[in-house]
Amino acid sequence: MTDKKLPPGLHPDTLAVREAVERSQWGEHSEALYLASSFVQPNAETAARRFAALEEGYTYTRTGNPTVTSFERRLAAMEGTECAIATSTGMSAILLVALTVLKTGDHVICSQSMFGSTIKLLGTEMARFGVETSFVSQTDVEAWKAAIRPNTRMLFAETPTNPLTDLCDIAALADIAHAHGALLAVDNSFATPVLQQPAKLGADLVVHSGTKFLDGQGRVMAGAVCGTVALVDKVMGTFLRSGGLNLSPFNAWVVMKGMETLSLRVKAESAAALELARWLEAHPKVARVYYPGLESHPQHALAMRQQNGMGGAVLAFDVVGEGAEQLRANAFHVVDSTLLCSITANLGDVKTTITHPASTSHGRLTEEQRQSAGVGQGLIRISVGLEHLDDLKADLLRGLDTLT
Ligand SMILES: Cc1ncc(COP(=O)(O)O)c(C=O)c1O
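Residues numbered from 1 in each chain as written. Predicted model: local features only at pLDDT ≥ 70, side-chain atom pairs only at ≥ 80, totals over all residues. Heavy atoms only, no water.

K.L.:
So what exactly am I meant to see when it comes to the sheet that holds strand E7 (residues 223-227) here?
P.N.:
Sheet strands line up and pair through hydrogen bonds in the backbone, either parallel or antiparallel. Taken in spatial order, the seven strands of this open sheet run E1-E7-E6-E5-E4-E2-E3, and their pairing is mixed. Two strands close off the open sheet at either side, each with one partner strand: strand E1 (83-87) and strand E3 (132-136). Each adjacent strand pair in this sheet contributes to an overall mean axis angle of 20°, direction not counted. Where strand E2 (residues 107-111) meets E3, five bridges bridge the pair, whose relative direction is parallel. Directly across from Cys 110, in E3, lies its bridge partner Phe 135. (Pairing = 2+ DSSP bridges. Helix = DSSP H or I, 4+ residues; strand = E, 2+ residues; numbered from the N terminus. Axes fitted to C-alpha atoms, helices over the stretch in contact; angles between N-to-C directions.)

Structure follows, in structure tokens:
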């Protein structure tokens, strides 16, 4: 039983709590959780019609589940896309995109500074299937244009990037892709629809790791791809239903509850991150701060235009030091001196997380890939949560003030 029909034109903040509320016959106020692997059919004839897709109705959770459908509808509404499809993780969403959009002989262009596993998947794993990949500078629109080949099928961007918070101009990349008959896919895990809605800027596909801000409380893994019915529902949905990359109903329900507070969290974390970034920039043991909300960020103007005037919750900074060994030791010292921040690779959590990307999220890359991604040994990434800022500053000072 779905909720009352909503009026049109609602703001994403309203959609985050009201879109696609699915209730059982008992009318519970919170969304129902349909924790079921299969659904009982009223009779053989109905079962036959539903399995043949001649009649609507759930049969088996790999092919559809009401709780998962609610999550998909809510995310699509917030992203402003026709539909969304839920996947088990963010990486399985990217895998789904790769396996349905690309085929042997196709070419894909990606930023060289994306999340490590995305670089590995699109650059190394897909090469085994005869897909060619070019990596270009995230911020250089001309480089994306120059990398186009006759067989280019997709441009894949992540903005802002993990961990350096480099942006790309989504509208400019969409124009380049479309002028050459290619698709633009944007990983929106960092920004979330609260900061930007890539589809409104021309992206054909919007990818999410729901494990990050959408859940926001470090509980479950989830992913999704948003886009048109023709591509996402028909092509990707058919593949997913056979391939089994599905999101579990329980995880869908948890992420949906997280999405209800997404806007409040992202705005509060973003405001705190800006203040922390300004404060870090002034600290003598910090060599450089990477944060789009700072005037010193090379793409500050683009960030303000593209991200609803906010920088987001994630920032990174280089500690001072000479040579890779000392930089790494100094970064480890700052990380290990924290008593509050969680040393964990996840981000987008209400608990602030701190990590050393060169030895964790980007640890599996070759030194060359790491260098071109700009991830040095002195780099520390912080995903700002909801703790009081004074406590966060004191936590970082413990290590920064004792650096030699
Ligand atoms: C930007 C980005 N995209 C995708 C992923 C992969 O998501 P998941 O860990 O849910 O597979 C991550 C994970 O950190 C990420 O940071």
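K.L.:
What should I look at first to understand the pairing of strand E5 (residues 183-187) in this one?
P.N.:
In terms of residue burial, E5 counts as a mostly covered element, since five of its five residues are buried. Taking every second residue as pointing to the same face, both faces of E5 are buried, with Leu 183, Ala 185 and Asp 187 on one and Leu 184 and Val 186 on the other. Here five bridges tie strand E4 (residues 152-158) to E5, and the two strands are oriented parallel to one another. Within E5, the position partnered with Phe 156 by the bridge is Ala 185. Of the pairings in the sheet, the one linking E5 to strand E6 (residues 205-209) comprises three bridges and is parallel in character. The residue bridging Asp 187 from the neighbouring strand is Val 207, located in E6. (Buried < 20%, exposed > 50% of the residue type's maximum accessible area, 1.4 Å probe, protein only.)

K.L.:
Help me understand the sheet that holds strand E9 (residues 314-319) in this model?
P.N.:
The sheet built from five strands is open, its strands ordered E8-E9-E12-E11-E10 with mixed pairing. Both edges of this open sheet fall to strand E8 (286-290) and strand E10 (342-343), since each of them pairs with a single strand only. Across four bridges, the pairing between E8 and E9 is antiparallel. Bridge pairing links Val 286 to Val 319 in E9. Packed on one face of the sheet, helix H11 (residues 262-281) meets E8, E9 and strand E12 (379-383) and runs near 10° to E9. Against the sheet, helix H13 (residues 323-337) engages E9, E10, strand E11 (353-355) and E12, with an angle of about 130° to E9. (Contact = heavy atoms within 4.5 Å.)

K.L.:
How should the packing of aromatic side chains be read in this particular structure?
P.N.:
Two measures describe an aromatic ring pair: the distance that separates the ring centres and the angle between the ring planes. This structure, assessed with the given rule, holds one aromatic pair. Measuring from centroid to centroid gives 5.7 Å for Phe 39 and Tyr 58, while their planes differ by 40°, and the two rings are tilted. With Phe 39 in the loop between helix H1 (12-18) and helix H2 (44-51) and Tyr 58 in the loop between H2 and helix H3 (66-79), the pair connects residues that are 19 residues apart, well separated along the chain. (Phe/Tyr/Trp six-rings, centres within 6.5 Å; stacked < 30°, edge-to-face > 60°.)

K.L.:
Which parts of the structure should I look at to understand the site of the ligand?
P.N.:
Taken together, 14 residues are adjacent to the ligand, and Met 91, Asp 187, Ser 209, Thr 211 and Lys 212 come closest. Between Gly 90 and the ligand, the recorded distance is 2.9 Å, taken from a backbone N or O atom to an oxygen atom. Separating an oxygen atom of the ligand from a side-chain N or O atom of Lys 212 is a distance of 3.0 Å. Starting from 390 Å² of accessible surface for the ligand in isolation, the protein chains cover 93%. The residue makeup of the shell around the ligand, split by class, is five nonpolar, six polar and three charged. (Near = heavy atom within 4 Å. Polar contact = N/O pair within 3.5 Å; in protein donor to acceptor, adjacent residues only side chain to side chain. Areas by Shrake-Rupley, 256 points an atom, 1.4 Å probe, with all protein chains shown as cover. Nonpolar A, V, L, I, M, F, W, Y, C, P; charged D, E, K, R; others polar.)

K.L.:
How do you make sense of the environment of Val 141 when you look at a structure like this?
P.N.:
Along the chain, Val 141 turns up in helix H6 (residues 141-146). Overall, Val 141 belongs to the partly exposed group, its relative accessible area being 25%. Leave out the neighbours within four places in its chain, and Val 141 touches Asp 169, Ala 172 and Ile 176.

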